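Next come the chains, spelled out residue by residue.
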Amino acid sequence: MKSSVIKGTGLLFAVAVLCLPSRSQALDPPHNASNHIDCNSCHAVVPAFIPLRQRQESACKTCHNPTGQASTRSTALRNHVVNGGSKIVDCGSCHDPHGPSITTDPHTGRRATNLWLIRWDTAKYVAGALEPAIFHERPAHFAFGDANPPWNGACQTCHAQTSHHRNDATSDHSHQLGDDCTQCHLHGSGFLPAGGGGDCTGCHSGPQDNGDGVPPGGRRAVVSEFPTGDEGLHAHYGAELGSDDCVICHSQDTHMDGYVDLIDPDDGSMYRFKLRGDLLSDPDLSDFCAHCHDADGAARLATPLDPFGNGNAPPDVATRFQGTLRWDEWYGDFCFGEEGTLRQVNSHHDISDSDQAWSGAKIECLSCHGAHNPSAARPVVDPFDTATPWTGKDNGFCLSCHAGGNGPADPDFPAGVVGPAVPLRGLDTCYYTGGPWWVDYTWTHAAHGLDSKRAWSGYSGAPGYELPCLGCHDPHGSYTPANPAGNPYMIRDFVDGTQFVDDGTRTGGFTGPPWNTFGTSGPVVVTISGTDVDWGSSQSLCGRCHASWLAAYDWHAYCTGCQTCHGHGQAWGNADWVGFDDDTPCPVGGSGIAGGTGSGRLLFDRKNPPIHFGAQ
């Protein structure tokens with residue numbers, strides 16, 4: 001063993017002798033004695049005679065750095081990482097450190113020296129490269145156009161899989177032709193389109209498809225999805241969108257390998273996917289979003305609560321999903337009996353894996369919020385077209401999913417959204433009639449409907465205000481340290497009832513006290529005990545707006561199960577109507593009364609629906 005080591009060392013020594021300083025005089029500038037460089041300055045005996053890949057990059061940077069011997073040639077340098085990281089084209093594959101290459105341009109017949117020590121014999125290092133590589137003029141010889149074969153410009157001589165400027169006739173040869181490639185494809189980023197200068201937007205303002213079928217159809221154009229200034233800027237973006245913003249979320253280490261790599265805001269781990277649908281399984285994008293939109297923001301960054309350096313802090317919404325309530329929906333009291341669907345109810349949308357496993361429902365952050373297009377003015381998207389910002393009313397957005405669909409077996413949720421085991425009730429529509437739904441009528445006088453007490457003679461209402469869904473519900477869930485279980489149906493933890501007034505009776509119009517008492521404001525805790533759901537006590541939801549309702553009728557003083565009679569969209573036991581003449585029967589042939597086979601969707605415009613709760 002000892003002798004073999006000695007022999008190995010001797011062989012290395014013998015090779016090293018070939019590059020003693022005396023031989024370096026044969027080298028051409030700049031890597032020669034005129035700059036105090038000899039073979040041993042670059043070539044190490046151990047661990048390798050010729051350093052490759054990362055070692056080669058490190059070796060070059062010993063001089064090519066801001067304080068090194070080659071400080072005047074110290075622009076940020078990096079190896080060219082290709083094929084998803086499976087291949088590294090190192091410095092010597094493009095540059096010949098021993099001297100310049102003199103080449104003849106086959107397009108013009110001109111003979112000249114390649115700039116920047118670009119070697120002519122590229123095929124020696126990259127299989128299939130065209131020779132000679134030509135770089136007589138910058139930027140004209142970075143790439144040649146369609147009418148100028150052979151395609152052996154300095155950048156394109158090796159390219160066989162890129163979207164643009166390949167070394168054959170199979171790609172687009174007009175992309176930014178005549179421009180300096182390195183203005184967008186920086187040497188410091190390994191020539192990937194990242195690191196500043198608007199380079200990401202330069203490419204992704206249009207579809208990107210290199211024809212390899214990964215992913216099928218390529219990447220869509222995304223720049224047009226970002227909000228403009230007059231829409232209000234989302235927390236992610238400053239006055240202009242640039243690559244410095246993109247790389248806060250997107251890793252470019254394996255760019256163009258068919259995958260999108262998102263960097264976890266807290267620990268820097270990767271969320272790797274090809275298609276949006278891939279994010280609906282672990283690890284999903286809702287985890288990625290929640291790790292920034294939480295109490296400590298993007299912990300991996302120097303400014304966690306200002307990740308994009310524009311002063312916009314990501315709002316903490318992850319806290320809202322901490323509620324632990326799990327309830328098999330069934331409610332009522334001894335006054336009016338019990339009813340319910342027995343569906344599994346959380347205090348928040350079913351985003352976490354554990355909630356989804358328990359309830360069977362499934363929704364993700366992307367179901368309501370686009371990846372790129374939310375703005376301060378338009379924070380949500382059309383649930384049925386998540387590339388399009390929502391421009392309708394707030395209530396219309398909620399009713400896009402919560403309209404009831406065409407029956408319990410067909411709730412008509414958007415793609416990727418899975419409804420609860422038993423869907424939500426239809427909201428005052430003629431969508432379906434199967435028990436226990438019984439929606440044979442549109443209950444125009446249902447609680448909080450636009451045609452409820454607001455239409456009664458003498459009712460003053462709250463001028464200029466119509467009750468929105470968000471007046472009672474928090475779309476991100478219900479949780480406080482004092483109420484860790486949270487409230488059912490995402491009922492808000494704090495409700496301000498002082499903006500409402502309930503001052504009319506059904507038949508007599510305005511009658512004075514007790515109905516003209518303003519509501520109260522404060523925290524809301526909806527307690528559940530068996531089938532008793534407390535809606536009407538002073539600390540619960542209804543009492544925050546209807547402060548004097550318990551005294552209105554005798555039976556109200558004994559019962560707090562308001563939802564049994566006053567659930568919105570509820571027909572069974574609905575008490576907020578006078579008679580059938582006050583409501584509209586569902587049409588024959590719709591999805592209403594018996595014999596109907598048509599689709600209720602025909603009666604409903606998702607962006608401008610009939611207002612059951614009012615709209616803000």
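In this convention, every chain numbers its residues from 1, walking through the sequence in written order. A pLDDT threshold of at least 70 governs which residues receive local features in this predicted model, and a stricter bar of 80 or more applies before side-chain atom pairs are shown or counted, although totals over entire chains, interfaces and linings include all residues. Based on all heavy atoms of the structure, the side-chain values leave hydrogens and waters out of the count.

When its secondary structure is counted, the chain shows 12 helices and 20 strands. Think of it in three bands: residues with accessible area under 20% of the maximum for their type are buried, residues over 50% are exposed, and the middle band is partly exposed, with areas taken using a 1.4 Å probe on protein chains only. With 616 residues in all, the chain has 44% of them scored as buried. Excluding contacts between residues fewer than 6 apart, the proportion of contacts in the chain whose partners are at least 24 apart in sequence is 53%. Secondary structure elements follow DSSP: runs of H or I no shorter than four residues count as helices, runs of E no shorter than two count as strands, and numbering proceeds from the N terminus. Contact criterion: two residues are considered in contact whenever any of their non-hydrogen atoms come within 4.5 Å of each other.

It is worth spelling out the side chain of Gln156 at this point. Within the fold, Gln156 resides in the loop between β4 (111-113) and α6 (199-204). Classification of Gln156 by relative accessible area gives buried; the value is 0%. Discounting residues that sit within four places of it in the chain, Gln156 has contacts with Phe142, Ala143, Phe144, Trp151, His165, Arg166, Asn167 and His173.

Now for the packing of aromatic side chains. To pair, rings of Phe, Tyr and Trp, with the six-membered ring standing in for Trp, must have centres within 6.5 Å; the planes then decide the type, stacked if under 30 degrees apart, edge-to-face if over 60, and tilted in the middle. Summed over the entire model, instances satisfying the criterion amount to 5 aromatic pairs. Here Phe135 and Phe142 contribute two aromatic rings whose centre-to-centre distance is 5.1 Å and whose plane-to-plane angle is 40°, an arrangement assigned as tilted. Overall, Phe135 belongs to the buried group, its relative accessible area being 3%. Under the relative-accessibility criterion, Phe142 is labelled buried at 5%. Aromatic rings pair up to connect Trp327, Tyr489 and Trp535 into one cluster. We count a charge as sitting over a ring when the NZ of a lysine or the CZ of an arginine lies within 6 Å of the ring centre and within 35 degrees of the ring normal. Directly above the aromatic system of Tyr259 lies the positively charged group of Arg272, at a separation of 4.0 Å from the ring centroid.

Grouping buried Ala, Val, Leu, Ile, Met, Phe, Trp, Tyr and Cys residues that are joined through side-chain atoms within 4.5 Å yields what is termed a nonpolar core. Among the nonpolar cores identified, the biggest contains 15 residues, and Trp327, Tyr489, Ile491, Trp535 and Leu541 are the most heavily contacted of them. Those residues in contact with Tyr489 that lie beyond four places of it in its chain are Trp327, Glu329, Tyr331, Arg343, Val345, Asn346, His473, Trp535 and Gln563. Listed in part, the 10 residues of the second largest apolar core include Cys249, Leu279, Leu285 and Phe308.

This part is about the pairing of strand β5 (residues 260-263). By the alternation rule, side chains of β5 split into Val260 and Leu262 and Asp261 and Ile263, which are all buried. As paired strands, β5 and strand β6 (residues 270-273) are joined by 4 bridges and run antiparallel to one another. The partner of Ile263 across the bridge, within β6, is Met270. Only strands that DSSP links by at least two bridges are regarded as paired with each other.

Moving on, we come to the side chain of Asn373. For Asn373, the position within the fold is in the loop between α9 (353-359) and β11 (381-382). A distance of 3.5 Å separates a polar side-chain atom of Asn373 from the backbone oxygen of Thr386. Whenever two N or O atoms come within 3.5 Å, that pair is a polar contact, provided that in protein one can donate a hydrogen and the other can accept it, and provided that, for residues adjacent in sequence, both atoms are side-chain atoms. A distance of 3.2 Å separates a polar side-chain atom of Asn373 from the backbone oxygen of Ala387.

Summary statistics for the chain give a mean pLDDT of 74 and a share of 67% for residues scoring 70 or more. Residue-level confidence of the predictor is what pLDDT reports, using numbers from 0 through 100. The low-confidence segment residues 1-25 (pLDDT under 50) makes 13 contacts with residues lying over four places distant or belonging to another chain. In the model, residues 510-515 has pLDDT below 50 throughout and makes 13 contacts with residues more than four positions away in sequence or in other chains.

This next bit is on the pattern of salt bridges. Here, a salt bridge means any side-chain nitrogen of Lys or Arg that lies within 4 Å of a carboxyl oxygen of Asp or Glu. A full pass over the atoms with the stated rule returns 12 salt bridges. Note that Lys61 is salt-bridged to Glu57, the shortest N-O span being 2.9 Å. Here Lys61 pairs with Glu57, and both are found in helix α4 (residues 53-61), just 4 residues apart, close to one helical turn. On the accessibility criterion, Lys61 (30% relative accessible area) is partly exposed. Looking at Glu57, the relative accessible area reads 10%, which means it is buried. For Arg119, the salt bridge is made with Asp121, and the minimal N-O distance between the two is 2.8 Å.

Before going further, it helps to examine the environment of Asp385. Position of Asp385 relative to the elements: it lies in strand β12 (residues 385-389). Residue class for Asp385 comes out partly exposed when judged on its relative accessible area of 35%. C-alpha of Asp385 to C-alpha of Cys368: the two residues are 17 residues apart in sequence and 9.9 Å apart in space. A distance of 2.6 Å separates the side chain of Asp385 from the side chain of Thr388, its partner in a polar contact.

Another point: helix α10 (residues 394-401). Of all the 8 residues making up α10, 6 are buried; the element is thus mostly covered by neighbouring parts of the structure. For α10, the full list of buried residues reads Asn395, Gly396, Phe397, Leu399, Ser400 and Cys401. Turning to α10, the residues buried within the fold contact β11.

With an omega dihedral of 5°, the bond running from Arg138 to Pro139 counts as a cis peptide bond. Cis rather than trans, the peptide bond between Pro149 and Pro150 has omega equal to 0°. Secondary-structure assignment places Pro150 in the loop between β4 and α6. Look at His36: it is not a glycine, yet its phi comes out positive at around 60°. Along the polypeptide, His36 turns up in the loop between α2 (21-24) and α3 (39-42). Exposure remark for His36: the relative accessible area of 71% places this residue in the exposed category.

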